[in-house]
Amino acid sequence: MECRFSKDEMIKLYINLVRTRTLDEVMVGGLLAGKVGGHWTSQVGQEAMGVGASSFLRNDDYILYGHRGHGITTLIPKGLPPKAFIAEHYGRAMGSCQGMAFFREFEAHLGIVGLSGTLGGNFVVAAGLGIGAKKRGKGQIVVCIEGDGTYSRGTFHESALMAANWKLPIVWGIENNQYMIYSHVSELYPKENLADLAFGYGMPSIVVDGQDVVAVAEAYASAFERARAGEGPSLIECKTYRIEPHVFGMADLRGATPRPKEEIDVWKKRDPIKLFQKRLLKEGILTAADIERIESDTKNEMDEAEMFASESLPPDPEILQRALYAE
């Protein structure tokens, strides 16, 4: 079947894969250097789903993302500057922008509304945004991506029922990376495909190879067209794999025993960047020199973003106090 994307769009997908991978590595480095306040949940090896889902969204479309990677694979392709992402995690005020005003700007112009404080809370927010988008009638859509574990929450089922009944322009995305902390997905779901959840709500669904960024992007593009046409929600399950431990510093287990190294090695061979790189070289879309240049440009971009974040001032205590407390 002929690919629906142009040469430039294919290159855009590749660049976004490399950018999100490189930024993820910067975040790991920041964590190990003591710059990241808290923890880091890497998405290395899982980039194709977020990149495929968000690279071709409109600026006024909404994106909601899961806790793993804190939205790194969706926010960067959507347009969020890496320096803002890093500075937020470093607890910096981002120079003269003073943090909150900086992010409000991107919320207004990029459809980035933040992250729910609880797993599954994004589903309800997505339903509300979907109602607003439908009422405005401007063709806006809402993309809500969560991990396989989160789809067991009741908030999804309530929101999916509302979205289906009211034909809300929502695309639900399942990032099935096989694990919910220490539990394998097969131990917690009675069927092989989580996409089967859609059947009870009359929604179309599809299972996609989550390591193939083009397959992911094509599935989302079709769902976007359906949503913009007023035909209601869809559900996309991407089969991928969590290469790194659940959180850096935690034991990497399946149940009470170490996660099988052989299992991890099998998925490492299906690295989404290497798979796509091979395709682009074969089809003559990129050359080895192009790939080297993209990697170099991306490293420079992320090094500059990290320096900006490191050199930014901490937030003004008075601004923090006004944000947290009433007079």
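Look a little higher up for the structure.
Residues numbered from 1 in each chain as written. Predicted model: local features only at pLDDT ≥ 70, side-chain atom pairs only at ≥ 80, totals over all residues. Heavy atoms only, no water.

Observations concerning helix α6 (residues 121-136)
Applied cut-off: Strands are runs of DSSP state E lasting at least 2 residues, helices are runs of H or I lasting at least 4, and numbering of each runs from the N terminus. The span expected for a helix works out to 1.5 Å for each residue beyond the first. Burial classes: relative accessible area under 20% of the type maximum marks a residue as buried, over 50% as exposed, and values in between as partly exposed (1.4 Å probe, protein chains only).
Here α6 is 16 residues long and its end C-alpha atoms lie 23 Å apart, about the 22 Å a rise of 1.5 Å per residue gives. Among the residues of α6, those classed as buried are Gly121, Asn122, Phe123, Ala126, Ala127, Leu129, Gly130, Gly132 and Ala133. Positive phi shows up at Gly137, right after α6, with a value of about 65°.

Concerning the environment of Arg279
Basically, it comes down to this: Residue contacts are counted whenever heavy atoms from the two residues lie within 4.5 Å of one another.
Counting through the fold element by element, Arg279 comes out in helix α10 (residues 272-282). Residue classification places Arg279 among the partly exposed residues on the basis of a relative accessible area of 27%. Between the C-alpha atoms of Arg279 and Glu244, which are 35 residues apart in sequence, the distance is 25 Å. The contacts of Arg279, once residues within four sequence positions are left out, are Cys3, Met10 and Val214.

Section: the sheet that holds strand β3 (residues 170-176)
Worth spelling out the cut-off: A pair of strands is labelled paired if DSSP reports no fewer than 2 bridges between them. Note on definitions: angles span 0 to 180 degrees between N-to-C directions of axes, and those axes are lines fitted to C-alpha atoms, for helices only across the stretch in contact.
Read across the sheet, five strands follow the order β1-β2-β3-β7-β6 without closing on themselves; strand pairing throughout is parallel. Pairing within the sheet leaves two strands with one partner each, and these edge strands are β1 (62-64) and β6 (205-209). Between one strand axis and the next, the sheet turns by 20° as a mean value, whatever way the strands run. Looking at chain direction, β6 and strand β7 (residues 234-239) are connected through five bridges and run parallel. If you follow Ser205 over to β7, its bridge partner there is Leu235. Sheet strands touched by helix α2 (residues 47-54): β1, β2 (142-147), β3 and β7. Its angle to β3, the strand with the most contacts, is close to 165°.

Observations regarding the pattern of salt bridges
Heads up, the condition is: We define a salt bridge as a side-chain nitrogen of Lys or Arg found within 4 Å of a carboxyl oxygen belonging to Asp or Glu.
Here the structure, examined in full by the defined rule, presents 20 salt bridges. As a salt-bridge pair, Arg270 and Asp209 come within 2.6 Å of each other at their nearest N and O atoms. With a gap of 61 residues between them, Arg270 in the loop between α9 (261-268) and α10 and Asp209 in strand β6 connect regions that are remote in the sequence. Here Lys261 and Asp265 are joined by a salt bridge, their closest N and O atoms 2.7 Å apart. Here Asp265 and Lys261 lie together in helix α9, a separation of four residues that amounts to about one turn. Judged by relative accessible area, which is 27%, Asp265 ranks as partly exposed. Shared partners join several salt bridges into a network, and the residues in it are Arg21, Glu47 and Asp271.

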